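A structural walkthrough
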Amino acid sequence: MPAELIKGAEVAKLIREELKTEVDELRDKHGITPALVTILVGENPASLSYVTAKNKTAHELGFHSTQDNQPEDISEADLLELVDKYNNDPQIHGILVQLPLPKGIDETKILYAINPDKDVDGFHPVNVGKLMIGTAVFLPCTPAGIQELLIRSGTETSGAEVCVVGRSNIVGKPITNMLLQKAPGANATVTLVHTRTKDVPAHTRAADILIVAAGVPKYVKGDWIKPGAVVIDVGVNRIGKSEKTGKAILAGDVDFDEAMEVASKITPVPGGVGPMTITMLMKNTVKAAKLGAGLL
Ligand code: GUN
């Protein structure tokens, strides 16, 4: 039987409806409207499309949302100054600096500069540390979306063997830490494999839940997957352009057709993890607005 699809786009829509109620209540009871600023440096087309989608969703939820575009050649000092301006602006609750940043700008330095209470990406070292000890307010958006998909698809994580492919700071490392916590939607035994792992398929084949964020199109083959496993594909790779529409053709990090024959459940690309990432950013922005008003 082919795998069941975990439709992130539908789950995301549901969570956004829940959030809308929360936003209406914040406005009506407390006079607060969540406000997000996204900073985009340069013109990387993928980054531009992500940031545009984030702002569009924020507007749909009734947030104040600003997209601050900066030139590719902005200096590190000027970017730090810009972050500081938003840190000190009481009208702004959440600050997001889209990554990657151009060469010559130290990403870590910029992430350190964001006020941890406005760090809706959850990338500031203070928030990374809180995540590690299980006290995070802001969970990074893609891992938070993955955990939500596991919970809402009825996937048991407690005691499960989880294999995470890829050790990025944005996905691999945080989702590993989140799923090993003593907490609902976690309590898993987690193995993280990466480019220096000796035998990647040996680990993926042992996993009840396989989370792939490798950045390589169709990297995971059908015979790397344990029959009946739940597969979460985080990859978004542009593998071509449609001649008809001019739109990018996307592929995940998992060979979808092969995986469909082996897995019990799988996230599609697009329409799987991607929409969840943006939704979790919205959730974090609402939290930031509450935090700023002393409501959290
Ligand atoms: N680049 C890729 N994913 C992300 C993300 O979740 N947040 C930011 N700021 N940049 C990214």
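Moving on to the site of the ligand. Around the ligand sit Lys54, Leu96, Val97, Gln98, Leu99, Asp121 and Phe123, and those are all the residues in its vicinity. Take leucine 99: an N or O atom from its main chain is 2.9 Å from a nitrogen atom of the ligand. One of the side-chain nitrogen or oxygen atoms of aspartate 121 is found 2.6 Å away from a nitrogen atom of the ligand. When isolated, the ligand has an accessible area of 280 Å², and the protein chains bury 84% of it. Each residue belonging to the shell around the ligand can be placed in one class, and the counts come to four nonpolar, one polar and two charged.

For the rest of this paragraph, the subject is the packing of aromatic side chains. Taken as a whole, this structure holds one aromatic pair when the rule is applied. Aromatic side chains tyrosine 219 and tryptophan 224 sit 5.1 Å apart centroid to centroid with 80 degrees between the ring planes, which places their arrangement in the edge-to-face category. A residue is classified by how much of its surface remains accessible, and tyrosine 219, at 26% relative accessible area, is partly exposed.

This paragraph deals with the pattern of salt bridges. Counted by the stated rule, this structure contains 11 salt bridges. Across the pair arginine 27 and aspartate 24 runs a salt bridge whose closest N-O atoms are separated by 3.3 Å. Of this pair, arginine 27 and aspartate 24 both sit in helix H1 (residues 8-30), separated by three residues, roughly a single helical turn. Among the salt bridges present, the one from glutamate 25 reaches lysine 29, with a minimum N-O distance of 3.7 Å. With a gap of four residues between them, glutamate 25 and lysine 29 both fall in helix H1, about one helical turn apart. Overall, lysine 29 belongs to the exposed group, its relative accessible area being 60%.

What counts and how
Residues numbered from 1 in each chain as written. Predicted model: local features only at pLDDT ≥ 70, side-chain atom pairs only at ≥ 80, totals over all residues. Heavy atoms only, no water. Near = heavy atom within 4 Å. Polar contact = N/O pair within 3.5 Å; in protein donor to acceptor, adjacent residues only side chain to side chain. Areas by Shrake-Rupley, 256 points an atom, 1.4 Å probe, with all protein chains shown as cover. Nonpolar A, V, L, I, M, F, W, Y, C, P; charged D, E, K, R; others polar. Phe/Tyr/Trp six-rings, centres within 6.5 Å; stacked < 30°, edge-to-face > 60°. Buried < 20%, exposed > 50% of the residue type's maximum accessible area, 1.4 Å probe, protein only. Salt bridge = Lys/Arg side-chain N within 4 Å of Asp/Glu carboxyl O. Helix = DSSP H or I, 4+ residues; strand = E, 2+ residues; numbered from the N terminus.

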